[in-house]
Amino acid sequence: MAEHAMAMVDALRGDTGSQQLVYRDQALHIESVCVDRIVTAVPTPFYCYSSDAIRTAYRTLSGALKPVGASVCFAVKANGNLSVLGLLAGLGSGMDIVSGGELERALAARVPASKIIFSGVGKKRSEIARALEVGIHQINVESEAELDAVGDVAGALGVRAPVALRVNPDVDARTHAKISTGKKEDKFGIPFEDIPALYTKAFAAPELDPVGLAVHIGSQILDLSPYRAAYSRIADLVSLLRSQGLRISRLDLGGGIGIPYDHGASPDVGEYATIIRETVGGLDCELTVEPGRWLVGPAGILVTEVLFIKETADRLTAIVDAGMNDLMRPAMYGAVHPVFPLMQDCQGKSHIYQIAGPVCESSDVFGTYRDLPALRSGDRLAFGCAGAYGASMASTYNARDLAAEVLVDRDRFRVIRRRQTIEALLALEDETEWQVSPIPSAGDLAHAF
Ligand SMILES: *Cc1c(COP(=O)(O)O)cnc(C)c1O
């Protein structure tokens with residue numbers, strides 16, 4: 001809903017909608033740090049996050065969920081920076097990962113393996129083995145083939161794998177098609193009706209320890225009613241499986257709570273907790289939620305500089321030095337991020353600008369914004385709500401180096417990821433020097449795979 005490409009967005013010049021992002025003396029501050037001051041030390045574009053915003057979000061959510069006994073596992077894919085993970089881990093958060101690389105990130109941030117859940121539709125055997133070796137809390141399995149693979153790997157290692165089956169509840173999350181995961185046509189999860197047979201199979205396998213069920217219906221969910229529908233279906237399944245003598249002790253309720261990119265209202269987490277209590281609260285299961293975006297999205301901005309103002313017959317375009325490789329969401333989902341000038345110009349008239357990046361793709365456009373001050377080359381802007389799926393989705397397309405990341409805490413700031421150098425990017429590549437390889441025999445080919 002909020003992800004629809006909007007023709008125009010109000011640039012929110014006064015009220016940023018955030019306690020941590022504020023104008024003081026007409027200069028944009030993140031907590032007590034003037035963003036323009038960071039620009040003197042860190043070249044644009046860069047991401048900047050507020051520690052306080054992340055802490056406050058975590059405490060608000062975990063506080064709301066405490067009465068229902070649900071714990072929080074942060075979805076690392078939203079923002080995997082080690083300092084961000086460390087900050088959340090320090091508050092008590094577990095982690096939800098979707099790859100072996102994210103497992104290493106979480107472990108490097110000193111998250112105990114006993115607080116890590118491994119989700120995702122395609123895990124390699126090497127990733128499953130590593131997860132079992134470090135003593136992962138739970139592997140969420142998404143198909144019978146994957147269940148067999150986890151069993152094989154666990155058997156070879158001589159361990160029992162704690163597994164949950166991810167249910168596809170066939171519920172419409174009413175979000176953008178590219179981030180819906182709980183309808184039966186989506187690639188995720190195991191069809192509802194296949195769960196009893198698979199759970200029974202897992203129960204019979206000595207190398208598998210089926211601990212429960214998982215569900216994740218999508219992302220950027222602003223209307224909470226699909227959660228009620230999905231969790232009610234999970235509750236029905238728990239009763240059904242228990243009636244067959246199967247044990248279920250854990251429910252992983254997924255992530256997906258949305259944030260108001262366009263300054264609307266955020267879903268009420270108290271209401272979310274109520275839905276959890278009313279649907280699965282009485283089942284005597286350990287409950288976990290896996291939010292990503294809600295915890296870190298509003299905490300981050302992407303700071304960029306205006307390179308040129310391009311004037312054509314029908315519009316003004318501000319070409320900025322951040323592009324779709326830095327922040328992919330507008331090009332990928334038609335998302336619109338609010339924009340804030342670093343310096344407020346009170347005299348400025350209302351101007352309409354299209355803001356576009358430098359990447360050679362027509363989709364490298366952030367949107368058309370009105371109510372902006374007159375912009376000039378060298379002016380700086382911040383895209384808001386960029387703390388989730390920003391830096392973590394960035395690429396080096398157009399041989400653009402990955403942007404730096406900065407963390408603010410009260411009056412201090414620190415670069416928590418240096419800008420990648422172009423030398424480091426080139427260092428991975430070898431100029432072709434053909435090796436002379438022998439012509440393979442039929443026998444070699446048979447063993448090639
Ligand atoms: C992406 C994902 C999440 C987090 O989604 P958000 O919308 O960022 O809260 C949680 N669980 C799983 C399995 C995911 O794939």
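Look above for the structure.
In this convention, every chain numbers its residues from 1, walking through the sequence in written order. Restriction of local features to residues with pLDDT of at least 70 applies here, the model being predicted, together with a cutoff of 80 or more for giving and counting side-chain atom pairs; totals for whole chains, interfaces and linings are based on all residues. Only hydrogens and water are removed before side-chain values are computed, so all heavy atoms of the structure are retained for them.

### Notes on the site of the ligand
Near the ligand, the surroundings consist of 14 residues, among which K77, S219, G256, E290 and Y389 are the closest. Think of a polar contact as two N or O atoms within 3.5 Å of one another; within protein, one of them needs to be a possible hydrogen donor and the other a possible acceptor, and neighboring residues in sequence only count if both atoms come from side chains. In this structure, K77 approaches the ligand through a side-chain N or O atom, which is 2.7 Å from an oxygen atom. Side-chain polar atom of S219 to an oxygen atom of the ligand: 2.3 Å apart, as the coordinates give it. Coverage of the ligand by the protein amounts to 94% of the 390 Å² it exposes when considered alone. Grid spacing is 1 Å over the protein atoms alone, the probe is 1.4 Å, and a cavity is where that probe fits but cannot get out, while a pocket is an open set with protein on both sides within 12 Å along at least five of seven lines and lining residues have an atom within 4 Å of a point. Any molecule with more than half of its atoms within 2 Å of a cavity's or pocket's grid points is counted as sitting in it. According to the grid-proximity analysis, the pocket containing the ligand is the largest pocket. Of the residues belonging to the shell around the ligand, the class tally is three nonpolar, six polar and five charged. We call a residue near a molecule or strand as soon as one heavy atom of that residue lies within 4 Å of the molecule or strand. What sets the accessible areas is the Shrake-Rupley method with a 1.4 Å probe; for residues, cover comes only from the shown protein chains. Under this grouping Gly is polar, as are all residues other than the nonpolar Ala, Val, Leu, Ile, Met, Phe, Trp, Tyr, Cys and Pro and the charged Asp, Glu, Lys and Arg.

### Thoughts on helix α7 (residues 195-204)
Three labels apply to residues, based on accessible area from a 1.4 Å probe with only protein chains included: buried if under 20% of the type maximum, exposed if over 50%, partly exposed otherwise in between. Helix numbering and strand numbering both begin at the N terminus, where a helix is a DSSP run of H or I of at least 4 residues and a strand a DSSP run of E of at least 2. Where α7 is concerned, the buried positions are I195, P196, L198, Y199 and A202. Taken down its axis, α7 places every buried residue within 165° of arc, on the same side. Summarising the geometry of α7, the exposed residues directed more than 90 degrees from the buried face are A197 and A204. In what follows, a contact means two residues having at least one pair of non-hydrogen atoms within 4.5 Å. Close packing links the buried residues of α7 with α6 (144-157), β10 (161-168), β11 (190-191), β12 (208-214) and α8 (225-243). In this description, one arc is meant: the one made by directions from the helix axis to the C-beta atoms.

### Topic: the state of the cysteines
Any two cysteine sulfur atoms within 2.5 Å of one another count as a disulfide. What the rule picks out here adds up to zero disulfides. Sulfur of C34: no disulfide; nearest cysteine sulfur belongs to C48 and is 11 Å away. You can call C34 buried: its relative accessible area is 18%. Looking at C385, it has no disulfide partner, and the nearest cysteine sulfur is the one in C48, 14 Å off. The buried category is assigned to C385, whose relative accessible area is 13%.

### Remarks on the packing of aromatic side chains
Whether two aromatic rings pair depends on their centres lying within 6.5 Å, for rings of Phe, Tyr and Trp, where Trp uses its six-membered ring; planes under 30 degrees apart make the pair stacked, over 60 edge-to-face, and the rest tilted. Evaluated as defined, the whole model comprises six aromatic pairs. Both rings, one in Y231 and one in Y272, keep their centres 6.5 Å apart while their planes meet at 50°; by these two values the pair is tilted. Here Y231, found in helix α8, pairs with Y272, found in helix α9 (residues 269-280); they are 41 residues apart in sequence, far enough to count as distant. Note on Y231: relative accessible area 1%, which makes it buried. For Y272, a relative accessible area of 1% gives the class buried.

### Examining the pairing of strand β7 (residues 94-97)
With burial as the criterion, each face of β7 is covered, one bearing G94 and D96 and the other bearing M95 and I97. When DSSP finds two or more bridges between a pair of strands, those strands are recorded as paired. In this structure, strand β6 (residues 70-75) lies alongside β7, joined through three bridges in parallel fashion. When the bridges of β7 are listed, C73 appears paired with G94. With the strands aimed away from the viewer, a crossover counts as right-handed if its path from the first strand over the helix to the second runs clockwise. At this point the chain moves from β6, through helix α3 (residues 82-90), to the parallel β7, and the crossover so formed is right-handed. Pairing of β7 with strand β8 (residues 116-118) involves three bridges; the strand directions are parallel. Pairing of M95 across the sheet is with I116, part of β8. Once the chain exits β7 it traverses helix α4 (residues 100-108) before rejoining the sheet at β8, and the crossover so formed is right-handed.

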